[in-house]
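Spelled out from the first residue to the last, the chains are:
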Amino acid sequence: MKTIKVLGSGCSKCEKTAEIITRLAAEAGVEVVVMKETDPAAIMGYGVMSTPAVVIDEQLVHSGSIPHRAEVEAWFASA
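Below you will find a few notes about this structure. Residues take numbers from 1 onward in each chain, read along the sequence in its written order. Totals for whole chains, interfaces and linings use all residues, but because this is a predicted model, local features are given only for residues with pLDDT of at least 70 and pairs of side-chain atoms are given and counted only at 80 or more. Hydrogen atoms and water are omitted, and side-chain values are computed over all heavy atoms in the structure.

Digging into the nonpolar core
Going by this rule: Nine residue types can take part in a nonpolar core, namely buried Ala, Val, Leu, Ile, Met, Phe, Trp, Tyr and Cys, and a core is a set of them joined through side-chain atoms within 4.5 Å. Burial classes: relative accessible area under 20% of the type maximum marks a residue as buried, over 50% as exposed, and values in between as partly exposed (1.4 Å probe, protein chains only). Secondary structure elements follow DSSP: runs of H or I no shorter than four residues count as helices, runs of E no shorter than two count as strands, and numbering proceeds from the N terminus. The contact rule is simple, with two residues in contact once any of their heavy atoms fall within 4.5 Å.
In terms of nonpolar packing, the biggest core is built from 14 residues, with Ile4, Ile21, Val54, Val72, Trp75 and Phe76 touching the most fellow members. Going through the elements one at a time, strand 1 (2–7), helix 1 (12–28), strand 3 (53–56) and helix 3 (69–77) are the ones with two or more residues in this core. If we ignore the near neighbours within four places in the chain, the residues touching Val72 are Ile20, Ile21, Leu24 and Pro67. Leu7, Ile43, Ala53 and Val55 belong to the second largest nonpolar core, which has 5 residues in total.

Here's the deal with the pattern of salt bridges
Stated precisely, the cut-off is as follows: Criterion for a salt bridge: a side-chain nitrogen of Lys or Arg within 4 Å of a carboxyl oxygen of Asp or Glu.
Taken as a whole, this structure holds 5 salt bridges when the rule is applied. The residue Lys5 makes a salt bridge to Glu58 at a minimum N-O spacing of 2.8 Å. Placement of Lys5 in strand 1 and of Glu58 in the loop between strand 3 and strand 4 (59–63) is noted, with a sequence separation of 53 residues between them. One salt bridge in this structure joins Arg69 and Glu73, with 2.8 Å as the shortest N-O distance. Highlighted residues: Arg69 and Glu73, both in helix 3, separated by 4 residues, approximately one helical turn. Accessibility expressed as a relative area gives 42% for Arg69, which makes it partly exposed.

Written as structure tokens, this is what we have:
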């Protein structure tokens, strides 16, 4: 099971990012736990300067925009 954190203020782009990840994980049959991290100190702890950002199993994999479908699918391909 992958632990995925969506980092951001809770804006619409952050919400959309979490929705996309949850949906595509279900389509791929990958078990995930998606959490939203809104604490600025925690977000800065990952070195993120632009949100939304995505952390998978404590590894920053994306920041600054809503990830594209192909990118999210690639994250699950190695699951």
